[in-house]
Amino acid sequence: MTLKPQHIDIYLEDVREALAQDASDAGVLKAIAIYQQAIQDFPEASAEPYLAVGYLAVRHGFDDEAYTLLRKARQIEPHNPHVKTLLDFLDQENSAAPIPTVQNLPLLRDFNPNVF
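Residues numbered from 1 in each chain as written. Predicted model: local features only at pLDDT ≥ 70, side-chain atom pairs only at ≥ 80, totals over all residues. Heavy atoms only, no water.

Draft legend 1. Up close: a negative patch on the surface. A contiguous patch of negative charge on the surface is contributed by Asp9, Glu13, Asp14 and Glu17. Aspartate 9 sits in the partly exposed class, given a relative accessible area of 43%. (Patch = residues over 30% accessible without salt bridge, like charges linked within 9 Å, V, L, I, M, F, W, Y side chains within 5 Å. Areas by Shrake-Rupley, 256 points an atom, 1.4 Å probe, with all protein chains shown as cover. Salt bridge = Lys/Arg side-chain N within 4 Å of Asp/Glu carboxyl O. Lys, Arg positive; Asp, Glu negative; His and termini not counted. Charge placed at Lys NZ, Arg CZ, Asp CG, Glu CD. Buried < 20%, exposed > 50% of the residue type's maximum accessible area, 1.4 Å probe, protein only.)

Draft legend 2. A look at helix H2 (residues 25-41). The terminal C-alpha atoms of H2, which comprises 17 residues, lie 24 Å apart, in line with the 24 Å expected from a rise of 1.5 Å per residue. Within the span of H2, buried status applies to Gly27, Val28, Leu29, Ala31, Ile32, Ile34, Tyr35, Ala38 and Ile39. (Helix = DSSP H or I, 4+ residues; strand = E, 2+ residues; numbered from the N terminus. Expected span 1.5 Å × (residues − 1).)

Draft legend 3. Region of interest: the environment of isoleucine 76. With respect to the helices and strands, isoleucine 76 occurs in helix H4 (residues 63-76). Distance from isoleucine 76 to serine 46, taken between C-alpha atoms, is 6.7 Å for residues 30 residues apart in sequence. When near neighbours in sequence (up to four residues on either side) are disregarded, isoleucine 76 contacts Pro43, Glu44, Ser46, Ala47 and Tyr50. (Contact = heavy atoms within 4.5 Å.)

Draft legend 4. Layout of the nonpolar core. Residues Tyr35, Val58, Ala66, Leu70 and Leu90 are the most contacted members of the largest nonpolar core, which totals 31 residues. Elements supplying a minimum of two residues to this core: helix H1 (8-21), H2, helix H3 (48-59), H4 and helix H5 (81-93). Those residues within four positions of leucine 70 in sequence are excluded, and the remaining contacts are Tyr50, Leu51, Gly54, Val58, Val83, Leu86, Leu87 and Leu90. (Core = buried A, V, L, I, M, F, W, Y, C linked by side-chain atoms within 4.5 Å.)

Draft legend 5. Examining the packing of H3 against H4 more closely. Packing of H3 against H4 brings their axes to within 8 Å, and their N-to-C directions diverge by 155°. Classified by the interaxial angle, the pair formed by H3 and H4 is roughly antiparallel. Considering the relative orientation of H3 and H4, their crossing is left-handed. Where H3 abuts H4, its residues Tyr50, Leu51, Val53, Gly54, Ala57 and Val58 lie against Glu65, Ala66, Leu69, Leu70, Lys72, Ala73 and Ile76. Class assignment of the residues belonging to the contact of H3 with H4 gives a composition of 10 nonpolar, 1 polar and 2 charged. (Axes fitted to C-alpha atoms, helices over the stretch in contact; angles between N-to-C directions. Parallel < 35°, antiparallel > 145°, perpendicular 65-115°, else oblique. Left-handed = near helix turned anticlockwise from the far one by under 90°. Nonpolar A, V, L, I, M, F, W, Y, C, P; charged D, E, K, R; others polar.)

Draft legend 6. Representation of H5 within the structure. Spanning 13 residues, H5 covers 18 Å between terminal C-alpha atoms, matching the ideal 18 Å at 1.5 Å per step. When we look at burial in H5, the residues that qualify are Val83, Leu86, Leu87, Phe89 and Leu90. What you see down the axis of H5 is that its buried residues fit within an arc of 155°, all on one side. Every exposed residue of H5 that faces more than 90 degrees away from the buried side is listed here: Pro81, Lys84 and Thr85. Looking at the packing, one finds that the buried side of H5 touches H3 and H4. (Arc of directions from axis to C-beta.)

Draft legend 7. Region of the structure containing the packing of H4 against H5. Where H4 contacts H5, the axes come no closer than 10 Å and their chain directions differ by 145°. The handedness of the crossing between H4 and H5 is left-handed. Listed contacts from H5 to Asp63, Ala66, Tyr67, Leu70, Arg71, Ala73 and Arg74 of H4 are Val83, Leu86, Leu87, Leu90, Asp91 and Glu93. When its residues are assigned to classes, the contact of H4 with H5 shows 8 nonpolar, no polar and 5 charged.

Structure follows, in structure tokens:
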């Protein structure tokens, strides 16, 4: 079977299903793995995988990874407000300006050191 850009929807449905069934760290790691596979197989098809994994990178303090992912998401969907919000947050976080507090989550890297 030849992969086509519209096949990314299968990956995205799998992620949503995985998270609906299991929102634990293990479920989130599975979702990240599916998103990363979607990025590899369909690098230009959707901003969603970049945005989702970028969001998790922001939440866990992996700013360099987050910037890379979110900039790619912005290339795909230049007017996506979620991408803009996260990039603005990162810009604020990396400047001297005070930033809003982001709720802490258990570190996924503790669960899987190779998550990002």
